[in-house]
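# Summary of structural features
Single-letter residue listing:
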Amino acid sequence: RAKRDGRNRYQFYDPSLDAAARRRNLIENELALAVSQGALELRFQPLVSTRDGDILGAEALVRWTHSQLGPISPAEFIPIAEETGMIISIGAWVIREACRVAAEWPPHLRVAVNLSSRQFLSPGLLPLVENALKTSGLAPERLELEVTESLLMDSTLGLEHTIAALRNLGLRIALDDFGTGFSSLSYLRRYTFDKIKIDQSFISDIETNREGRAIVESVIHLAHDLNMVVVAEGIETEAQRDVLKGLGCSQLQGFLLGKPMTAIDFEVAAKRTPILRALPRL
Ligand code: C2E
Ligand code: MG
Ligand code: MG
Ligand code: MG
């Protein structure tokens, strides 16, 4: 094995690389069956109001447990699905299922669904969303679609149009993982979002990282000036929650507030919080 020259490393036999390649192939093949066999499930992670801790809704997160491989993270299989095109059918299932489930919840609760780039760029997206809303009876205001900066980076054509068409249906668009891309600020100028979600990487060290905290504070002010709701992702400690509260962040999400859970558990959790106020802005 070549130890010194990193560039040539992969010309040599590497059993671990081989295992990784085999796992990838297996996942790729099995993924094709996952949707049709009903092997995918959704979990719902609470989105919470900073002010009073009320649950405002949930983000739907896809889960896949393979019979031999066990649970496989979406962070692993979504990029593979994206590459192979499987994301179109997986994504369609996620949208339909999330709408179907959320339509059963009390009407003040919203649901957020992640979209990958390929899915966002597919011409079938708009009719799919319209149909999922119609079939489920979910009011469009209760649906939020999360897109990431990589989507905006990858492509140039027609995105404004797609975002506008979706917003015209009455649903909301959130910019996920904000701050992890290359030109977050220029995207805010170019596209209209209803919400931004500040990435967990800015939150995890917010107590100790003075610069990071200053950036988050500015982003919160900027978002409010642009009429957007701000969510902080990945809140794990009370100290982090308190900092974000002090900075005026409107919504929180993270293990401290609630882990991803089944739809039934989510409904139970949401019912425990007193929420019969006016419909909050998501
Ligand atoms: P995301 O959309 O940014 O979702 C948040 C991720 O952070 C979730 O991981 C969630 O479980 C995790 N998380 C939430 N709070 C905490 C916390 O306090 N601490 C830590 N350490 N993690 C926290 P998950 O479910 O593994 O999903 C990973 C990513 O996979 C998602 O990131 C999203 O980009 C993608 N993904 C998940 N479900 C879907 C889906 O249905 N469609 C698409 N296209 N992508 C999905
Ligand atoms: Mg998300
Ligand atoms: Mg995120
Ligand atoms: Mg993420």
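Let me begin by describing the structure that accompanies this report. Being a predicted model, the structure only gives us computed values, none of them experimental. (Residues numbered from 1 in each chain as written. Chains lettered and ligands numbered in written order. Predicted model: local features only at pLDDT ≥ 70, side-chain atom pairs only at ≥ 80, totals over all residues. Heavy atoms only, no water.)

Attention now goes to the packing of aromatic side chains. Geometrically, a pair of aromatic rings is defined through the distance of the ring centres and the angle of the planes. Applying the stated rule across the entire model yields four aromatic pairs. Both rings, one in Trp64 and one in Phe77, keep their centres 5.4 Å apart while their planes meet at 85°; by these two values the pair is edge-to-face. Of this pair, Trp64 sits in strand 2 (residues 55–66) while Phe77 sits in helix 2 (residues 74–84), placing them 13 residues apart in sequence. When sorted by exposure, Trp64 lands in the same class as Phe77, which is buried. A ring pair is formed by Tyr191 and Phe193, whose centres lie 6.3 Å apart and whose planes are at 65°; its orientation type is edge-to-face. No difference in accessibility class separates Tyr191 from Phe193, as the two residues are buried. The rings of Phe44, Trp105 and Phe266 are connected pair by pair, giving a single aromatic cluster. Its guanidinium or amino end placed over the ring of Phe255, Lys259 lies 5.0 Å from that ring's centre, counting from NZ or CZ. (Phe/Tyr/Trp six-rings, centres within 6.5 Å; stacked < 30°, edge-to-face > 60°. Helix = DSSP H or I, 4+ residues; strand = E, 2+ residues; numbered from the N terminus. Buried < 20%, exposed > 50% of the residue type's maximum accessible area, 1.4 Å probe, protein only. Lys NZ or Arg CZ within 6 Å of the ring centre and 35° of its normal.)

Below, the discussion takes up the side chain of Asp194. By secondary structure assignment, the location of Asp194 is in the loop between helix 8 (184–190) and strand 7 (195–198). Using a relative accessible area of 15% as the deciding quantity, one classes Asp194 as buried. Among the polar contacts made by the side chain of Asp194, one reaches the main-chain amide nitrogen of Ile173 at a distance of 2.8 Å. With residues up to four places along the chain from it excluded, the contact list for Asp194 reads Arg167, Leu171, Arg172, Ile173, Asn227, Met228 and Val229. (Polar contact = N/O pair within 3.5 Å; in protein donor to acceptor, adjacent residues only side chain to side chain. Contact = heavy atoms within 4.5 Å.)

Among the five residues of strand 4 (residues 110–114), four are classified as buried, and the element is accordingly described as predominantly covered. Note that strand 4 and strand 5 (residues 143–148) share four bridges and pair parallel. In the sheet register, Val111 faces strand 5, and the bridge partner there is Leu143. (Pairing = 2+ DSSP bridges.)

Turning our eyes to something else, we now look at the coordination of the magnesium ion (ligand 2). The magnesium ion (ligand 2) binds to the protein through Glu59 (OE), Asn114 (OD1), Glu146 (OE) and Asp176 (OD); the donor distances cover 2.0 to 2.2 Å. Within one chain, the residues donating to the magnesium ion (ligand 2) are spaced in sequence as E-x54-N-x31-E-x29-D. A spacing of 4.1 Å is found between the magnesium ion (ligand 2) and the magnesium ion (ligand 3), which share Asp176 as a donor. Taken together, the residues span a long stretch of sequence, with Glu59 in strand 2 and Asp176 in strand 6 (residues 172–178) at a distance of 117 residues. In terms of burial, Glu59 and Asp176 fall into one category: buried. (Donors = N, O, S within 2.8 Å, 3.2 Å for Na, K, Ca; no water.)

This brings us to the environment of Ile235. Relative to the helices and strands, Ile235 resides in the loop between strand 8 (229–232) and helix 11 (238–246). Along the primary structure Ile235 and Ser186 are separated by 49 residues, whereas in three dimensions their C-alpha atoms are 26 Å apart. Ignoring anything within four residues of it in the chain, the contact list for Ile235 reads Ile203, Gln240, Arg241, Leu244, Leu252, Gln253, Gly254, Phe255, Leu256 and Leu257.

The calculated volume of the largest pocket comes to roughly 990 Å³. Along its surface, the largest pocket is lined by 36 residues, and Glu59, Leu61, Asn114, Asp176 and Asp177 are the ones closest to its centre. Secondary-structure elements contributing two or more residues to the lining of the largest pocket are strand 2, helix 2, helix 3 (87–102), helix 4 (117–121), strand 5 and strand 6. Of the residues belonging to the lining of the largest pocket, the class tally is 14 nonpolar, 13 polar and nine charged. (1 Å grid on protein atoms, 1.4 Å probe; cavity = no way out; pocket = protein on both sides within 12 Å on 5 of 7 lines; lining within 4 Å. Points joined across faces, edges and corners; volume = space filled by probe spheres on them. Nonpolar A, V, L, I, M, F, W, Y, C, P; charged D, E, K, R; others polar.)

We now examine the pattern of salt bridges. As enumerated under the stated definition, the model contains 13 salt bridges in all. Two residues, Arg22 and Asp18, come together in a salt bridge whose shortest N-O distance is 3.8 Å. Of this pair, Arg22 and Asp18 both sit in helix 1 (residues 15–36), four residues apart, which is roughly one turn of the helix. What makes Asp18 partly exposed here is its relative accessible area of 33%. For Lys195, the salt bridge is made with Glu144, and the minimal N-O distance between the two is 3.1 Å. Here the residue Lys195 occupies a position in strand 7, and Glu144 occupies one in strand 5, the gap between them amounting to 51 residues. Accessibility assignment for this pair places Lys195 and Glu144 in one class, buried. Each member of the salt-bridge network shares a partner with another, and the members are Arg24, Glu28 and Glu83. (Salt bridge = Lys/Arg side-chain N within 4 Å of Asp/Glu carboxyl O.)

What follows covers the packing of helix 5 (residues 125–136) against helix 7 (residues 159–168). Closest axis-to-axis distance for the helix 5/helix 7 pair is 11 Å, and the angle between their directions is 15°. Relative to helix 7, the element helix 5 lies roughly parallel. Relative to helix 7, helix 5 is oriented so that their crossing is right-handed. Contacts between helix 5 and helix 7 involve Leu125, Leu126 and Val129 from the former and Thr162, Ala165 and Leu166 from the latter. For the contact of helix 5 with helix 7, the residue count by class is five nonpolar, one polar and no charged. (Axes fitted to C-alpha atoms, helices over the stretch in contact; angles between N-to-C directions. Parallel < 35°, antiparallel > 145°, perpendicular 65-115°, else oblique. Left-handed = near helix turned anticlockwise from the far one by under 90°.)

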